[in-house]
Amino acid sequence: MSGKKGLDLLRTIATMMTKTNGYDRCLQQLEMVSGGDGRCLAEFKVQEEHLNRAGGLHGGYTATIVDVVTTYALMTKENATPGVSVDIHVSYLKGARQGDEVIIDANTVRAGRNLAFLECELRHKKDNSIIAKATHTKYIGSS
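Being a predicted model, the structure only gives us computed values, none of them experimental.

The next subject is the overall build of the chain. The number of helices and strands found in the chain is two helices and six strands. In the chain, the succession of α and β elements from N to C terminus is α-β-β-α-β-β-β-β. When the accessible surface of the chain is totalled, it reaches about 7900 Å², and 49% of it is carbon and sulfur.

The structure is reproduced here in structure tokens:
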């Protein structure tokens, strides 16, 4: 699935996931930019609710973005299921402040019979500097 079809799917999934009273509503600021064939490109502007006490982008929010956007990327693969997380590893390289525009670039490295391996970067839109790099492993086998 590629191009407009992939982007339409991502926008539908993101809308469905964030129209809730649950935790996923914290992702309403994410805008799907492009996607398909195991990729997802999204962006958002850092708002006050995304900040830690020191005024920087909260690490837990960053990890949530990694979890969700890599899953969106996986969902654009043919016959994909969202699965469940087995491991998420995030390396925080640089901070982001309120008002900063952030690009999220997620890619499906491999989706096998039981496991999917995904990677993700969060970057500053203004200079493409890396805020965080992450890997995410999901169990996608049958129950």
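Bringing a nonpolar patch on the surface into the picture now. A cluster of nonpolar side chains, contributed by Val 84, Val 86, Val 109, Leu 115, Phe 117 and Tyr 139, occupies part of the molecular surface with about 500 Å² of accessible area. Among the secondary structure elements, those contributing two or more residues to the nonpolar patch are strand 3 (84-92) and strand 5 (115-124). For Val 86, the position within the fold is in strand 3.

With five bridges joining them, strand 1 (residues 31-36) and strand 2 (residues 39-45) adopt antiparallel strand pairing. Its bridge partner being in strand 2, Met 32 is matched across the sheet by Ala 42. The turn linking strand 1 back onto strand 2 is made up of two residues, and Asp 37 within it adopts a positive phi angle of 50 degrees.

Let's shift gears to the environment of Val 46. Of note, Val 46 is situated in the loop between strand 2 and helix 2 (59-75). The residues contacting Val 46, other than those within four sequence positions of it, are Leu 51, Leu 57, Ala 96, Arg 97, Gln 98, Gly 99, Asp 100 and Val 102.

On to the sheet that holds strand 2, then. In spatial order, the strands read 1-2-4-5-6-3; together these six strands make up an open sheet with antiparallel pairing. On the outer flanks of this sheet lie strand 1 and strand 3, each paired with one strand and no other. Averaged over all pairs of adjacent strands, the angle between strand axes in this sheet comes to 15 degrees, irrespective of strand direction. Taken together, the seven bridges between strand 2 and strand 4 (residues 101-111) define a ladder with antiparallel strand orientation. From the neighbouring strand, Ala 42 faces strand 4, where its bridge partner is Ile 104.

This part covers the packing of aromatic side chains. A complete count under the given rule lists one aromatic pair for this structure. Plain terms: the ring middles of Phe 44 and Tyr 61 are 5.9 Å apart, the flat faces sit at 75 degrees to each other, and that makes the pair edge-to-face. Here Phe 44 is found in strand 2, whereas its partner Tyr 61 is found in helix 2, with 17 residues between them in sequence. Classification of Tyr 61 by relative accessible area gives buried; the value is 7%.

Let us now look at the nonpolar core. Among the nonpolar cores identified, the biggest contains 30 residues, and Met 32, Phe 44, Ile 65, Ile 104 and Leu 122 are the most heavily contacted of them. In terms of residues, this core owes the most to one element, helix 2, which gives eight residues.

What follows covers the pairing of strand 4. Inspection of the sheet shows strand 4 paired to strand 5 by nine bridges, in the antiparallel sense. In the sheet register, Ala 111 faces strand 5, and the bridge partner there is Ala 116. Turn length for the strand 4-strand 5 hairpin, with the two strands adjacent in sequence and antiparallel, is three residues.

Our next topic: the pattern of salt bridges. Considering all chains together, one arrives at six salt bridges under this definition. One salt bridge in this structure joins Arg 123 and Asp 105, with 3.6 Å as the shortest N-O distance. Highlighted residues: Arg 123 in strand 5 and Asp 105 in strand 4, separated in sequence by 18 residues. Judged by relative accessible area, Arg 123 falls into the buried class, the value being 13%. Relative accessible area serves as the criterion here: at 18%, Asp 105 is assigned to the buried category. Here Glu 121 and Lys 133 are joined by a salt bridge, their closest N and O atoms 2.8 Å apart. Here Glu 121 is found in strand 5, whereas its partner Lys 133 is found in strand 6 (residues 130-139), with twelve residues between them in sequence. Several salt bridges converge on common partners, so that one network encompasses Arg 39, Asp 105, Glu 121, Arg 123 and Lys 133.

Basis of the calculations
- Residues numbered from 1 in each chain as written.
- Predicted model: local features only at pLDDT ≥ 70, side-chain atom pairs only at ≥ 80, totals over all residues.
- Heavy atoms only, no water.
- Helix = DSSP H or I, 4+ residues; strand = E, 2+ residues; numbered from the N terminus.
- Areas by Shrake-Rupley, 256 points an atom, 1.4 Å probe, with all protein chains shown as cover.
- Patch = residues over 30% accessible without salt bridge, like charges linked within 9 Å, V, L, I, M, F, W, Y side chains within 5 Å.
- Salt bridge = Lys/Arg side-chain N within 4 Å of Asp/Glu carboxyl O.
- Pairing = 2+ DSSP bridges.
- Contact = heavy atoms within 4.5 Å.
- Axes fitted to C-alpha atoms, helices over the stretch in contact; angles between N-to-C directions.
- Phe/Tyr/Trp six-rings, centres within 6.5 Å; stacked < 30°, edge-to-face > 60°.
- Buried < 20%, exposed > 50% of the residue type's maximum accessible area, 1.4 Å probe, protein only.
- Core = buried A, V, L, I, M, F, W, Y, C linked by side-chain atoms within 4.5 Å.

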